[in-house]
Amino acid sequence: MQDKEKFMMEALKEAKKAYNKEEIPVGAVIVRDGKIIARGHNLKETDNRATHHAEIMAINKASRRINNWRLIDCEMYVTLEPCTMCMGAIVASRIKKAYIGAMDELGGACGSVLNVLDYKFNHKVEVETGILKEECEYILKDFFKMLRDKKRRSKMKIAEIFDKKSIHTYIIIAVLVISISIAGLLMLKYQVEGEKNLPFNVTQISVISTAKGIHNRGEDNQWSTVLSQKNDIYFKIEKNSEYKKEAIIKKIIFNNFEITKESELGEIGIYRPSQKDCEYNYEEETIIKDSLEYSGGQFTDTEILEINNQGGVIGFSILNRNVGECTFSENEVIPSDGKLLKLANVELKEIKIKISFDMIIETEDGKKFRASIIFELPEESILEDGVSKQEIGLSDIVFKRF
Ligand SMILES: [Zn+2]
């Protein structure tokens, strides 16, 4: 083996080091006086530096080794035709001769893409190509084949994941993901549309509005009457026939009462029933402070605030005191209802109120459903007919679990 082949073999050893680091396998050695003074291999990827080509690495090491940037009398053996940068460095470092293995059609600067030797630099480098050409070509071809195989293997791995055995796992995961997404959408829909599977429904809300007077005998055999306008509100609660499981009412709660009225007239109070069947005595002890609670029991008994645990009719009343006054002579027939309002010249807008409150249905199994309910009362017919009966629309009442 000639010397130049021996040194090119050493350059190939460097190329192999690059290969093992998954770098494009290019290696170089620098020889002076028949001895290798520096070695280098491509480290572009490892160091993340565009300039870390084998030739540059070797030149830098050689300069350090001999403590001189001038590599006069030095020869370089490089497995691949140097690029323009490396040829520039070879010229700049005054290397005497470069021995090249394989040619680089895509980047070589010794005849492949251009030829640096054609230009008149003040230092002339000698170049000899084709040293162990096949070996130098082989290591490159082998490297690129290895890369392609690796790519193919990773593709195959992906294919293996989806083979017959594991496809079941992926179907299960897909089904789970889809189910969770659907559940999420349903939750969202439920937040907007409310609970569909409510164990109990409010099937009717009725308001019966009328007025009553308190009569005081005045002078000259006259009766003086002070008027209050009252609104009894009834809630009919029934088990939802669509709800297949057993359901037991634990509590029905009304709270967050808010009443707004435009007129200054009257004083509003909300009362719970004091007797069975939603009968009211408007007394201080039956006034609702902030919430009204019916507990589930055997019977519906509004006197003791109990509702049959499968449903029933419960309610409360709103009394608007002192909304008017009128006088009657002894022989006059005094009406006992809302007609009194007309006689006292009370207008509907003066007694119109807006009520809002929350209704909560709590079941024995710990589920709680809440709806916000809002409506206005009383209706016009209270003045002419004495009594108005109003049915509250249920379509806007949406129960949500909380
Ligand atoms: Zn280069």
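Look above for the structure.
Considerations on the overall build of the protein chain
Part 1: Scanning the protein chain from terminus to terminus reveals 9 helices and 16 strands.
Part 2: Relative to its length of 402 residues, the protein chain is extended, with a C-alpha radius of gyration of 49 Å against a globular reference of 21 Å.
Part 3: Within the span of the protein chain, comprising 402 residues, buried residues form 30% of the whole.
Part 4: Expressed as a percentage of contacts within the protein chain between residues at least 6 apart in sequence, the contacts between residues at least 24 apart total 65%.

Regarding the pairing of strand β4 (residues 97-102)
Part 1: Of all 6 residues in β4, 5 are buried; the element is thus mostly enclosed.
Part 2: Relative to β4, strand β3 (residues 74-80) runs parallel, the two sharing 5 bridges. If you follow L80 over to β4, its bridge partner there is A102.
Part 3: Regarding topology, helix α4 (residues 84-92) serves as the crossover connection from β3 to the parallel β4, and that connection is right-handed.
Part 4: Summarising the sheet, β4 and strand β5 (residues 126-128) pair through 3 bridges and their orientation is parallel. Across the sheet, the residue bridging to K97 is E126, located in β5.

Topic: the sheet that holds β4
For sheets, the rule is that strands pair by backbone hydrogen bonds, running either parallel or antiparallel.
Part 1: Read from one edge of the open sheet, 5 strands run β2-β1-β3-β4-β5, paired in mixed fashion. In this open sheet, the two edge strands, each paired with only one partner strand, are β2 (35-41) and β5. Taken pair by pair, the neighbouring strands of this sheet meet at an average axis angle of 20°, ignoring direction.
Part 2: As paired strands, strand β1 (residues 27-32) and β3 are joined by 5 bridges and run antiparallel to one another. Paired with V29 across the strands is Y77, a residue of β3.
Part 3: Lying on the sheet, helix α3 (residues 54-66) is in contact with β1, β2 and β3; it crosses β2 at an angle near 140°.

Details of helix α1 (residues 3-20)
Part 1: Here α1 is 18 residues long and its end C-alpha atoms lie 26 Å apart, about the 26 Å a rise of 1.5 Å per residue gives.
Part 2: Downstream of α1 by a residue or two, E22 has a phi angle that is positive, lying close to 60°.

Quick word on the sheet that holds strand β11 (residues 306-308)
Part 1: What the 6 strands build is an open sheet, ordered β11-β10-β8-β13-β14-β16; its pairing is mixed. The outermost strands of the open sheet, each flanked by one partner alone, are β11 and β16 (400-401).

Looking at the nonpolar core
Part 1: Ranked by size, the top nonpolar core spans 42 residues in total, and within it A11, V29, I30, A58, M76, Y77 and V78 carry the most contacts.
Part 2: Going through the elements one at a time, α1, β1, α3, β3, α4, β4 and α5 (133-161) are the ones with two or more residues in this core.
Part 3: Element by element, the count of residues in this core is highest for α1, at 7 residues.
Part 4: In this view, M76 contacts A28, I30, E55, A58, I90, I95, A98 and Y99; residues no more than four positions away in its chain are not counted.
Part 5: Membership of the second largest hydrophobic core comes to 14 residues, among which are F254, L319, I373 and L377.

Some details on the environment of L114
Part 1: The residue L114 is located in the loop between β4 and β5 in this model.
Part 2: With 13 C-beta atoms packed within 10 Å, L114 lands in the partly exposed category.
Part 3: The sequence separation of L114 and C83 amounts to 31 residues, and the corresponding C-alpha distance is 9.4 Å.

Observations regarding α4
Part 1: Of all the residues in α4, the buried ones are C86, M87, A89 and I90. Buried positions in α4, seen along its axis, are confined to an arc of 160° and lie on one side of it.
Part 2: Where α4 is buried, its residues meet α3, β3 and β4.

Digging into the environment of A89
Part 1: Among the secondary structure elements, A89 is positioned in helix α4.
Part 2: A sequence separation of 70 residues divides A89 from A159, and the C-alpha atoms of the two residues are 47 Å apart.
Part 3: If we ignore the near neighbours within four places in the chain, the residues touching A89 are E55, I56 and I59.

Re the pairing of strand β7 (residues 222-239)
Part 1: Relative to β7, strand β6 (residues 200-217) runs antiparallel, the two sharing 17 bridges. By the bridge assignment for β7, A211 is matched with Q229.
Part 2: Counting the residues between successive antiparallel strands, the hairpin from β6 to β7 contains 4 residues, one of them, D220, with a positive phi of roughly 55°.

So, how was this worked out
Numbering of residues starts from 1 in every chain and runs along the sequence as written. Given that the model is predicted, a residue must reach a pLDDT of at least 70 before its local features are reported, and side-chain atom pairs must reach 80 or more before they are shown or counted; all residues, however, enter totals for whole chains, interfaces and linings. Labels follow the DSSP assignment, with helices taken as runs of H or I lasting at least four residues and strands as runs of E lasting at least two, numbered in each case from the N terminus. C-alpha atoms define the radius of gyration in this analysis, and the globule rule sets the expected value at 2.2 Å times the number of residues to the power 0.38. Buried means a residue has 20 or more other C-beta atoms within 10 Å of its own C-beta, exposed means 12 or fewer, and partly exposed covers the counts in between; C-beta atoms are placed from the backbone. C-beta atoms are first placed from the backbone for all residues, and any pair lying within 7 Å is then listed as a contact. At least two bridges found by DSSP between two strands is the condition for calling them paired. Crossovers are described as right-handed under a simple rule: with the strands pointing away from the observer, the path leading from the first strand over the helix to the second runs clockwise. To get an axis, a line is fitted to the C-alpha atoms, and for a helix only the part in contact is used. The angle between two axes follows their N-to-C directions and goes from 0 to 180 degrees. Here, expected helix span is obtained from the residue count minus one, scaled by 1.5 Å. In plain words, the nonpolar core is the set of buried Ala, Val, Leu, Ile, Met, Phe, Trp, Tyr and Cys residues that C-beta atoms within 7 Å link up. Directions from the helix axis toward the C-beta atoms define the arc.

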